[in-house]
Amino acid sequence: MTSFIIFVLGIAVLFYVLLGGADFGAGIVEIFTGKKGADTISKAIAPVWEANHIWLILAIVILLNGFPHVFATLTTYLHIPLLIILIGIIFRGTAFTFRYYDTIQENTHNYYTVLFRISSLLTPFFFGVTLGAIILGHIPANVNGTFYEIFISPWLNVFTLTTGVFLTLLFGWLASVYLTGEANDDETYQTFEKISRNFFVLLIISGLGVFLAAEFYGLHFFSKFIHSEVAMGCIVAATIAIPLIWRNIKRRNTLQTRFWAGLQTACILTGWFAIQFPVMIFIADGSNLTIWNSQAPERTMSLLVYALIVGIFLIFPAFAYLFKVFKFDNSADETLA
Amino acid sequence: MDNFLAARLQMTVSFVFHIVFACIGMTMPWLMFMAELKWIKTGKQVYLNLAKAWSKGVAIFFAVGAVSGTVLSFELGLLWPKFMEHAGPIIGMPFSWEGTAFFMEAIALGLFLYGWKRVNKWVHLISGLVVGIAGVLSGIFVVAANSWMNSPAGFDWVNGHAINIDPVKAMFNKAWFQQALHMTIAAFASTSFAVAGIHALMLLRYKNNEFHRKAIRIALVFGAVAALLQPISGDISAKNVAKLQPAKLAAMESLFKTSKPAPLVIGGIPDVKEEKVKYGLHIPQILSFLAHGDFNAEVEGLDKTKKEDWPPVLIVHFAFQIMVLMGMLMVGAGFLYLFFRFKWSENLEKRWWLKTLVCLTPVGFIAVEAGWIVTEVGRQPWIIYGIMKTSDAVTPMPGIQYPFYLITLIYLFLTFVVFWLMRRQIIAIHTNPQNIDTHD
Ligand code: HDD
Ligand code: HEM
Ligand code: HEM
C-alpha cells in the first residue's frame, strides 16, 4: 500500500518535472529567444500549464496526507526556499496569463514579460535547492541553534546551489527540446535547436558538478550509483538516449524527440529515487525520515490509495485527451476567437 | 510584530484573497455554461459573444485562483506545521479528493478556454459543465476540511496524539454539511451579484444593449435564487453553531450572560470589560428561537467559557452583523428581481433598478469575507476546536512578519492589477464592434 502511494508520488513528481518543469523551462528559453520565440511559447503552454501545475498540488497533498511528518519537516526547516518558490509560482502564473489575455498591446507587456522570465528562472532554481537540501542531510533534528544554523545553512551551500543550477538547466533543456515541436517555421526551429544544444552541454557539465559537490560533502554518489543496479541501469539508459535525441532533432521527428527526452529525464529521476530509497529526508543526526517511519496510520493510507486509484482513472484519460487536442492535432491553429 | 500575530495575519490575508477567486471559480463556469447552452438552443450570436467575453475574464481569475490556492496549500505547513502534522492524516482525505477535482477542473478549463475551434460544440459545452461541477466539488472538499477544525471528529486524542483515526468520520463531521451548503450558495450569490452589477453599469452607459441585458438576466437568476436560499441555510448554520461551538455563537450575538430566554441584539457595540452591549436594538426571545427553535430556550453565554478562551468578541460580532445585513440587502434585491420578471417587467429597464444593481456589486463578497471571519476568528483561540490551541501550532521560525509583509504587498499589487485588467477587458469589448451586438 505504502509502495503504491510512493509510486504515485514518484509519478506526480516525474510528471511535474516533465510537464510543469518544461513550462518553467519555456520561460527560461524565452530569455534567449526574445520576442520571436515568445509567441510560440505562449501558444504552446497557455492551454496546459494550469493542468501541468496540478501535479505539484498532487504531490503536496500526498505528502501532507500520507507523510505528515515529512511535510511538517520540509515546511519548517526549508521555509525560506519554499517561500521563494511560492513567490515564483505566483508571478510566473499571473504574469503569463496577464500577458496572454491583456489584449491592449503596449508597454505593460514588457513588464509582464520580464516578470514571467525572472520567475521562470528563479522557481526551478529554488526547487533544485530544496531538492539538494533534502538529499544533503544537513537539516537539523530540532530547532535548537541559531537562525542561520537552523533555517539557512541546511539549504544554502555549494551542494544545494549546484543542484539548483542542474535542475534549472534540466527544465530549460526539456523545454527547448519540446519547443522544437511547436515551431511553425524553419528559423524558429533552428533557434530552439541551437538553444537545446547549448543547454545540453551545460546540463552535462552541471551534472558532473553535482557529483563532485556530492563527493566534497561526503555523499559518495559514485559508489552509491555503482552499488545500485537500478541506478546504474538508469544512467546507461539515459546515456543511450542522447544520440537518439540528437538524431531525431536533426530529422525533425518531434514526437520521437519528445519521447526520448522525456524518457531520459525519467531515468535521471528514477536513478535518484533508487539511491535515495527508502529515505525521504536525510536529517543531520542520522534520524532520517523514511517512507516507513513517517507514514500515516493504516486507515489513512488505505483511503488515500482509494482516492488515488479513482483519481488516476479520471485524470489520465482526461489528461491524454487534453494533450491530444492541443499537442497532437495542429489542424486548427487559432486558439482564441 | 510578534511571530504568532504575523502568522495569523498572513493566513488571513491569504484566505481573504483566495476566497474571492474561489467563489468566481465555482460560479462563473455555470454562467458561461448557461450562455453557451442558450446560444446552442437559440442560435443567437449575442449569447456566444457573452460566453466568450466571460471566458476571457475567467481565464485571468482562474490563474490567480490557482496560484493563490497553491500558496495556501504550502502555508498550511509553512505557518502551522504542528497542526498539519496531526491533522494531515485525519483531514488529508478531503484534500486528496480536492486534488482530483482540481485536476478535472484544470483539464476541462483548458479545453473550454482554448478549445473553441478545436473541439465540437457539445464537447465544448460539456467541458464547461465539468469545470463547474469540479469547481463546486473542490470547494465542498476544502470546506469539509475546515469544518473538521470547528467540529473535530474521527479520532481519539490521547496525550497530545491522535489515535484511532477515521478520516471518513472526520470528513463527514457534524459541521461539514452546514458549511458546505452555506459556502456553495454564498459563492453563487456573491459572484452573480457582482457580475450583474458590472453589466448594469455598462448598460447605464451603453443604453439598449442586448449583450449586457442578457448578461444581467443570466447572472441574476442564479443570484436571486441563491440570495433567497442563503438565510435558510444560514439559519441551519446558526442552530448548529449553537450546539457545537456555543462560545462562537455567544460572541456572534455578544451574549455575555447565559439567558433564558435570550434576546436578539441588532447592532450595538459590545463592551468586553463591562460584559454588556452598548446601544443596539434588543428584541426579546428571538435569539432563543433562532438558536434552538424555541422562544423560551436557554442560550449559553460567554460566561460559560473561561475568559482567556473567549474569541475576540468585537470582531466576531461586527462580522456577523455585516454578513446578515448584506444578506438581507441581497434578499431584497433578489425578491424584487423575481417579482419584476413575472410582473411589471418594465422596471427591469429603469435607471433606478440598474443603479441599485451597481450599488450591490460588492455586497456578496463583503458577506463572504465577513462570514469567514465569523467562522475562523470565532473559533479562536483554538485551531482544532477544544483540542489544540492556535498558538501551539505556529511555526518555530522567527521573523514571520517579513513573509507577511511580502505576501500582503504581492496580493495588494495583484488585486490592483486584476481590477485594472478587468477594466481593460471591458473597454476592449466595446472597442471591438464584433463583440457587441445590439440586436440579436
Ligand atoms: C453571500 C454570502 C453570505 C450571506 C448572504 C450570508 N452568509 Fe453566512 N457565511 C458565509 C456567507 C454568507 C460564508 C462566508 O460562506 C460562511 C463562512 C463559513 C461558511 O460555512 O460560510 C458563513 C458563515 C456563517 C455562519 C458560521 C458558520 C460556522 O462557523 O460554522 C453562520 C451562523 C452564518 N453564516 C449565518 C448566516 C445567516 C443567518 C445569514 C442571513 C442572511 C447569512 N449567514 C448570510
Ligand atoms: C486550506 C484551504 C485551501 C487550500 C489549501 C486551497 C488550495 C487551492 C489550490 C491549490 C487551488 C488551485 C487549483 C488549480 O490550479 O486549479 C485552489 C483553487 C480553488 N479553490 Fe482553494 N484552497 C483552499 C481554500 C478554498 C476554499 C475555502 C474554497 C471555497 C469554498 C476554495 C475553492 C477553490 C476553487 C473553487 C478553486 C478553483 C477555482 C480557481 O482556480 O480559481 N478553496 N485552491
Ligand atoms: C477561504 C475561506 C477562508 C477564509 C476567508 C478564512 C479566514 C481565516 C482567518 C481570518 C483566519 C485567522 C483567524 C485568527 O487568527 O484570528 C484563518 C485562520 C486559519 N484558517 Fe481559515 N479561512 C478560510 C478557509 C479555511 C480552510 C478551508 C481551512 C482549512 C482547511 C482553513 C484553515 C485555517 C487555519 C489552519 C488557520 C490558522 C489557525 C487559526 O487561526 O485558527 N481556513 N482563516
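Just above sits the structure.
Below: a short report on this structure. (Residues numbered from 1 in each chain as written. Chains lettered and ligands numbered in written order. Predicted model: local features only at pLDDT ≥ 70, side-chain atom pairs only at ≥ 80, totals over all residues. Heavy atoms only, no water.)

On to empty space enclosed by the protein, then. Inspection of the entire model under this criterion finds 3 cavities of 30 Å³ or more. In this structure, the largest cavity occupies an estimated 50 Å³ of space. Every element with two or more residues in the lining of the largest cavity is listed here: α10 (221-227) and α12 (254-276) of chain A. It is α12 of chain A that contributes the most residues to the lining of the largest cavity, 3 residues altogether. Within the lining of the largest cavity, the residues separate by chemical class into 5 nonpolar, 1 polar and 1 charged. Here the second largest cavity is characterised by a volume of approximately 40 Å³. What lines the second largest cavity is simply Ala46, Pro47, Val48, Glu50 and Ala51 of chain A together with Ala106, Leu109, Gly110, Leu113 and Tyr114 of chain B. Every element with two or more residues in the lining of the second largest cavity is listed here: α3 (49-66) of chain A together with α3 (81-114) of chain B. Take the lining of the second largest cavity: its biggest share by element is 5 residues, from α3 of chain B. For the lining of the second largest cavity, the class distribution of residues is 8 nonpolar, 1 polar and 1 charged. (1 Å grid on protein atoms, 1.4 Å probe; cavity = no way out; pocket = protein on both sides within 12 Å on 5 of 7 lines; lining within 4 Å. Points joined across faces, edges and corners; volume = space filled by probe spheres on them. Helix = DSSP H or I, 4+ residues; strand = E, 2+ residues; numbered from the N terminus. Nonpolar A, V, L, I, M, F, W, Y, C, P; charged D, E, K, R; others polar.)

Among protein atoms, the single one acting as a donor to the iron atom of ligand 2 is His18 of chain B (NE2), 2.1 Å away. Turning to its location among the elements, His18 of chain B is positioned in helix α1 (residues 3-42). (Donors = N, O, S within 2.8 Å, 3.2 Å for Na, K, Ca; no water.)

Attention now goes to the interface of chain B and chain A. Contacts between the two partners involve 65 residues from chain B and, on the opposite side, 69 residues from chain A. In terms of surface lost to chain A, no three residues of chain B exceed Phe103, Tyr114 and Arg118 of chain B, which account for 14% of the buried area on that side. Between the two partners, chain B and chain A, sit 1 salt bridge. Measuring nitrogen to oxygen at the nearest pair gives 3.2 Å for the salt bridge that ties Arg299 of chain A to Asp166 of chain B. Put simply, the parts of the chain that give the side of chain B that touches chain A at least two residues each are α2 (45-79), α3, α5 (167-171) and α14 (401-431) of chain B. No other element matches α3 of chain B, which puts 22 residues into the side of chain B that touches chain A. For the side of chain B that touches chain A, the residue count by class is 47 nonpolar, 11 polar and 7 charged. (Contact = heavy atoms within 4.5 Å. Buried area = accessible area lost by both parts, 1.4 Å probe. Salt bridge = Lys/Arg side-chain N within 4 Å of Asp/Glu carboxyl O.)

The next point concerns the site of ligand 3. Residue and element names in this part refer to chain B. Not every one of the 20 residues close to ligand 3 is listed here, only the nearest: Arg8, Phe15, Glu376, Arg379 and Gln380. For ligand 3, a nitrogen atom lies 3.3 Å from a polar atom in the side chain of Asn146. Glu376 has a polar side-chain atom sitting 2.5 Å from a nitrogen atom of ligand 3. Sorting the residues of the shell around ligand 3 by element identifies α1, α3, α4 (121-150), α12 (363-377) and β7 (382-384) as the ones contributing at least two each. Of the residues forming the shell around ligand 3, the biggest block, 5 residues, is contributed by α1. Residue composition of the shell around ligand 3, by class: 13 nonpolar, 4 polar and 3 charged. (Near = heavy atom within 4 Å. Polar contact = N/O pair within 3.5 Å; in protein donor to acceptor, adjacent residues only side chain to side chain.)

Moving on, we get to the nonpolar core. One recurring pattern in soluble globular proteins is that nonpolar side chains are buried together. In this structure, Phe67 and Phe221 of chain A together with Trp54, Phe83 and Trp148 of chain B are the most contacted members of the largest nonpolar core, which totals 245 residues. Considering every element that reaches this core, the biggest residue donor is α2 of chain B, with 21 residues. Excluding anything up to four places from it in sequence, Phe67 of chain A contacts Thr2, Ile5, Ile6, Ile62, Met280, Ile291, Ser294, Gln295 and Met301 of chain A. Judged by nonpolar contacts, the second largest core, of 18 residues, contains Leu249, Ala251, Leu264 and Leu287 of chain B. (Core = buried A, V, L, I, M, F, W, Y, C linked by side-chain atoms within 4.5 Å. Buried < 20%, exposed > 50% of the residue type's maximum accessible area, 1.4 Å probe, protein only.)

Under the counting rule described, the total for this entry stands at 0 disulfides over all chains. No disulfide involves Cys267 of chain A; its nearest neighbouring cysteine sulfur is the one of Cys234 of chain A, lying 5.1 Å away. (Disulfide = S-S within 2.5 Å.)

Residue and element names in this part refer to chain B. Between α2 and α3, the least distance of the axes is 11 Å, while the angle of their chain directions is 165 degrees. Accordingly, the angle class assigned to the pair α2 and α3 is roughly antiparallel. Read as a crossing pair, α2 and α3 show a hand that is left-handed. Touching Ser55, Ala59, Phe62, Leu76, Gly77, Leu78 and Leu79 of α2 are Pro81, Met84, Phe95, Glu105, Leu109, Phe112 and Leu113, all from α3. (Axes fitted to C-alpha atoms, helices over the stretch in contact; angles between N-to-C directions. Parallel < 35°, antiparallel > 145°, perpendicular 65-115°, else oblique. Left-handed = near helix turned anticlockwise from the far one by under 90°.)

Residue and element names in this part refer to chain B. Taken together, 23 residues surround ligand 1, and among them Gln178, His182, Lys248, Met323 and Val368 come closest. Between ligand 1 and Gln179, the relevant distance is 3.4 Å, taken from an oxygen atom to a main-chain nitrogen or oxygen of the residue. Between an oxygen atom of ligand 1 and a side-chain N or O atom of Thr375, the distance comes to 3.3 Å. Put simply, the parts of the chain that give the shell around ligand 1 at least two residues each are α6 (176-205), α7 (210-244), α8 (246-253), α10 (313-342) and α12. Class assignment for the residues of the shell around ligand 1 results in 12 nonpolar, 10 polar and 1 charged.

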